Amino acid sequence: MIKVFILAVFSLFFIGCGASNSANFSKKMFQSVDEKDATLVQTSKDKRYCPRCGMDLVRFYKTSHSATIDNKIYQYCSIHCLEEHLGDGITLKNPKVVDISSLKFISVKDAYYVVGSKKKGTMSRISKYAFSSLKNAKKFQSRNGGKIMQFGDALKSAKEDFKHYR
């Protein structure tokens, strides 16, 4: 009887730790937001997932990009997955990125990317976070390092991330 009691307490302890850790997991990830703060733009039944890699778009929201292809809107977990789709010879229309200050989508033409900060990246060891204002990008850069660049250079960096795998 004592063995059963000890086993039950031991099991509850590990289940409780696991639940606690999973609840805090998204809070530990810089890329994550609360589901209520995420804008999901895809209309398919799998709208919560990146069409290239299947990653959860809420968990990796701060690196989300979107674009229209053949009148269908796609949302990617990262600039890397967007670049990968471009590598298929696809022409993207109206590409956008999440501004991590407002959590709203903005045109990539208006974005200032901080590339290579100490914050973890998505689909890459080299992080790429976007801002709608240069002031906010510089503030983030001063705290976390990295280099400020425009979309074209950030896209080029994403392409270089996995060059040796292609």
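Presented here is an overview of the structure given in this document. From a predicted model like this one, the values you see are computed outputs, not experimental measurements.

1. Quick notes on the pairing of strand E2 (residues 72–76)
- Bridge analysis of strand E1 (residues 65–69) against E2 gives five bridges, and the strand direction is antiparallel. Bridged to Ala67 within E2 is Tyr74.

2. Concerning the packing of aromatic side chains
- Enumeration according to the criterion identifies seven aromatic pairs in this entry.
- Between Phe30 and Phe140 the ring centres are 5.9 Å apart and the planes differ by 35°, which places this aromatic pair in the tilted class. On the criterion of sequence distance, the pair formed by Phe30 in the loop between helix H1 (2–28) and E1 and Phe140 in helix H3 (residues 134–144) is long-range, its members being 110 residues apart.
- Looking at Phe30, the relative accessible area reads 21%, which means it is partly exposed.
- Between Phe131 and Phe140 the ring centres are 5.1 Å apart and the planes differ by 45°, which places this aromatic pair in the tilted class. In terms of burial, Phe131 and Phe140 fall into one category: buried.
- In this structure an aromatic cluster arises from ring pairing among Phe30, Tyr129, Phe131 and Phe140.

3. Overview of unusual backbone geometry
- Positive phi is not limited to glycine here, since Asn71 has a value of about 65°.
- Looking at the element boundaries, Asn71 is found in the loop between E1 and E2.
- The exposed category is assigned to Asn71, whose relative accessible area is 76%.
- In this structure, Met123 takes a positive phi of about 65° despite not being glycine.
- Among the structural elements, Met123 can be located in the loop between strand E5 (112–115) and strand E6 (128–131).

Thresholds, definitions, all that
Residues numbered from 1 in each chain as written. Predicted model: local features only at pLDDT ≥ 70, side-chain atom pairs only at ≥ 80, totals over all residues. Heavy atoms only, no water. Pairing = 2+ DSSP bridges. Helix = DSSP H or I, 4+ residues; strand = E, 2+ residues; numbered from the N terminus. Phe/Tyr/Trp six-rings, centres within 6.5 Å; stacked < 30°, edge-to-face > 60°. Buried < 20%, exposed > 50% of the residue type's maximum accessible area, 1.4 Å probe, protein only.

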